[in-house]
Amino acid sequence: MRILVANLGSTSFKYQVLDSDKGFEVTHRGAYERIGQATGTYANHGEVIDVILKELPQPPDAIGFKAVHGGPISGAVKVDRKVLDTMEQFADVAPAHNPCYIAAMKSFHEKLPRVPQVACFETAFHSTIPVARQTYAIPTEWTEKLGIRRYGFHGASHRYIATRMAEIEPTAKKIVNCHLGGSSSMCAIKDGKSVATTMGLTPQTGLPQNNRVGDFDIFALLKLLKTGYSAEEVLTKLGKQSGLLGVSGVSNDMRDIEKAAADGNAKAKLAIDVYVDSVRHYLGAYTVALGGLDAITFTAGIGENGAELREAICADLDFLGVKLDRTKNKVRGKEAKISSDESKVAIWVVPANEELIVAKQTEAVISGN
Ligand code: AMP
């Protein structure tokens with residue numbers, strides 16, 4: 001079965017075709033950016049789909065979406081009216097993701113009406129998180145009637161790390177995975193299952209993101225609204241002009257921020273410190289949640305390539321048995337163990353492979369396994 005895996009952002013479209021009959025080998029891939037922007041080539045995701053379908057020698061047998069928020073619908077499910085409607089209902093809390101996925105699902109259906117579609121929701125891996133850790137301390141009717149609770153995201157990435165670590169470091173039962181990229185989250189994984197994660201109802205919370213706020217005191221909103229900002233302006237600032245960009249004032253890209261910090265820019269240095277401190281905060285919390293720590297894994301753009309960031313995150317943690325090997329840590333973008341021989345905790349760089357998880361889940365849904 002040839003499965004097209006679609007990985008969308010509000011202005012981007014990445015895809016891979018994996019063939020389940022060839023051990024999920026990747027046969028085609030592509031990436032499109034700046035969709036719907038004045039400087040870009042494509043007006044919308046539908047135009048990109050036309051280009052992709054022309055690029056491929058034949059249409060795929062199935063399409064798997066790395067879908068984000070389906071509220072009460074989790075796991076991997078066939079896309080139908082109900083799934084689309086529910087994604088629509090949760091579009092307000094995943095505004096950068098749900099609308100573009102809905103548009104792409106409809107567009108693929110128009111162009112390839114007989115090709116089945118599967119939505120693999122990013123929240124699914126986190127369904128094993130204990131209820132006490134899913135629950136916000138709010139009136140229960142908000143939780144029960146409106147579904148306001150911690151869901152967690154980056155499920156395909158965290159799940160891939162859990163399965164890959166079972167192969168390369170099988171004795172590690174208590175793992176903290178650091179998915180550090182344009183969008184960042186961490187996950188405490190015990191015996192292969194998620195038991196805690198940093199994102200919540202929305203992918204806006206937890207670690208600071210490239211241009212989204214991360215953890216924040218909700219009552220600061222009152223002060224901002226009183227200052228004269230409209231709710232719309234506050235949300236735009238928190239969702240698009242905060243995070244690494246907001247603190248550094250330089251860029252939302254860690255490479256630019258590291259360069260500015262090295263050139264003496266104090267705000268860029270502060271943005272890195274805020275980010276590292278947040279990762280260490282959760283590393284400590286999750287070591288307690290797991291009742292110990294066997295391994296730390298780094299994945300995604302910053303996690304795979306940011307050697308200095310990894311060093312800062314692991315600094316002075318000998319008391320936890322965490323000891324990085326500075327030479328091994330020079331690795332960029334490759335699977336490698338980077339802990340020193342005497343480290344009690346294994347430290348790994350594991351390149352993300354979310355597409356493999358989505359393709360396997362899609363194949364399982366279509367073939368009924
Ligand atoms: P992703 O969303 O996983 O593609 O990750 C994107 C992030 O990875 C951006 O902030 C990049 O700046 C960051 N990144 C890529 N290469 C490096 C590098 N060599 N050092 C630090 N950060 C990097």
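Now for a quick tour of the structure.

Definitions and limits used
- Residues numbered from 1 in each chain as written.
- Predicted model: local features only at pLDDT ≥ 70, side-chain atom pairs only at ≥ 80, totals over all residues.
- Heavy atoms only, no water.
- Helix = DSSP H or I, 4+ residues; strand = E, 2+ residues; numbered from the N terminus.
- Buried < 20%, exposed > 50% of the residue type's maximum accessible area, 1.4 Å probe, protein only.
- Contact = heavy atoms within 4.5 Å.
- Pairing = 2+ DSSP bridges.
- Phe/Tyr/Trp six-rings, centres within 6.5 Å; stacked < 30°, edge-to-face > 60°.
- Salt bridge = Lys/Arg side-chain N within 4 Å of Asp/Glu carboxyl O.
- Patch = residues over 30% accessible without salt bridge, like charges linked within 9 Å, V, L, I, M, F, W, Y side chains within 5 Å.
- Areas by Shrake-Rupley, 256 points an atom, 1.4 Å probe, with all protein chains shown as cover.
- Near = heavy atom within 4 Å.
- Polar contact = N/O pair within 3.5 Å; in protein donor to acceptor, adjacent residues only side chain to side chain.
- Nonpolar A, V, L, I, M, F, W, Y, C, P; charged D, E, K, R; others polar.
- Axes fitted to C-alpha atoms, helices over the stretch in contact; angles between N-to-C directions.

A few words on the environment of Tyr286. Structurally, Tyr286 is set in helix α11 (residues 266-290). Overall, Tyr286 belongs to the buried group, its relative accessible area being 6%. Separated by 112 residues in the primary sequence, Tyr286 and Lys174 have C-alpha atoms spaced 9.4 Å apart. Filtering out sequence-adjacent residues up to four positions away, Tyr286 remains in contact with Val176, Met186, Cys187, Ala188, Ala196, Thr197 and Thr198.

What follows is about the pairing of strand β10 (residues 295-299). Of all five residues in β10, five are buried, a share of seventy percent or more. Across the two faces of β10 the burial is the same, with Ala295, Thr297 and Thr299 and Ile296 and Phe298 all buried. Taken together, the four bridges between β10 and strand β12 (residues 346-349) define a ladder with parallel strand orientation. Pairing of Ala295 across the sheet is with Ala346, part of β12.

Taken as a whole, this structure holds five aromatic pairs when the rule is applied. When the centroid spacing of 5.6 Å and the interplanar angle of 85 degrees are considered together, the rings of Tyr32 and Tyr42 count as edge-to-face. In this pair, Tyr32 is assigned in strand β3 (residues 25-32) and Tyr42 in the loop between β3 and α1 (45-55), connecting sequence segments ten residues apart. Both rings, one in Phe65 and one in Phe108, keep their centres 6.0 Å apart while their planes meet at 70 degrees; by these two values the pair is edge-to-face. Of this pair, Phe65 sits in strand β4 (residues 62-65) while Phe108 is found in helix α3 (residues 98-111), placing the two residues 43 residues apart along the sequence. Classification of Phe108 as buried rests on a relative accessible area of 0%.

Moving on to the pattern of salt bridges. Counted under the stated rule, the structure contains 15 salt bridges. Close ionic contact of Arg2 with Asp61 constitutes a salt bridge, the shortest N to O distance being 3.3 Å. Taken together, the residues Arg2 in strand β1 (residues 2-8) and Asp61 in the loop between α1 and β4 connect sequence positions 59 residues apart. Taking the relative accessible area as the measure of exposure, Asp61 reaches 34% and is therefore partly exposed. Glu354 serves as the salt-bridge partner of Lys66, at 3.3 Å between the closest nitrogen and oxygen.

Where nonpolar side chains cluster on the molecular surface, the patch consists of Ile218, Phe219 and Leu222 and spans about 350 Å² of accessible area. Of note, Leu222 is situated in helix α7 (residues 220-227). The exposure class of Leu222 is partly exposed, given its relative accessible area of 47%.

Every residue near the ligand is listed here: Gly181, Gly182, Asp253, Met254, Arg255, Glu258, Ala300, Gly301, Ile302, Asn305, Gly306 and Arg332. Gly182 places a polar main-chain atom, nitrogen or oxygen, 2.8 Å from an oxygen atom of the ligand. For the shell around the ligand, the secondary structure elements donating two or more residues are α10 (254-262) and α12 (300-305). Looking at side-chain class alone, the shell around the ligand contains three nonpolar, five polar and four charged residues.

The next subject is the sheet that holds β10. Taken in spatial order, the six strands make up an open sheet running β9-β8-β7-β10-β12-β11, and their pairing is mixed. Each having just a single partner strand, β9 (193-197) and β11 (336-337) make up the two edges of the open sheet. Docked against the sheet, α11 engages β7 (174-179), β8 (185-190), β9 and β10, running at close to 15 degrees with respect to β8.

With that settled, the discussion passes to the sheet that holds strand β6 (residues 117-120). Strand order in the open sheet made by the six strands is β3-β2-β1-β4-β6-β5, with mixed pairing throughout. In this open sheet, the two strands that pair with only one neighbour each are β3 and β5 (76-78). Sheet twist, expressed as the average angle between the axes of neighbouring strands with direction ignored, equals 20 degrees. For β4 and β6, the ladder comprises three bridges, and the chain directions are parallel. Bridged to Phe65 within β6 is Ala119. Running at roughly 35 degrees to strand β2 (residues 13-19), α1 makes contact with β1, β2 and β3 of the sheet. Contacting β1, β2, β4 and β6, α3 runs over the sheet at an angle of about 150 degrees to β1.

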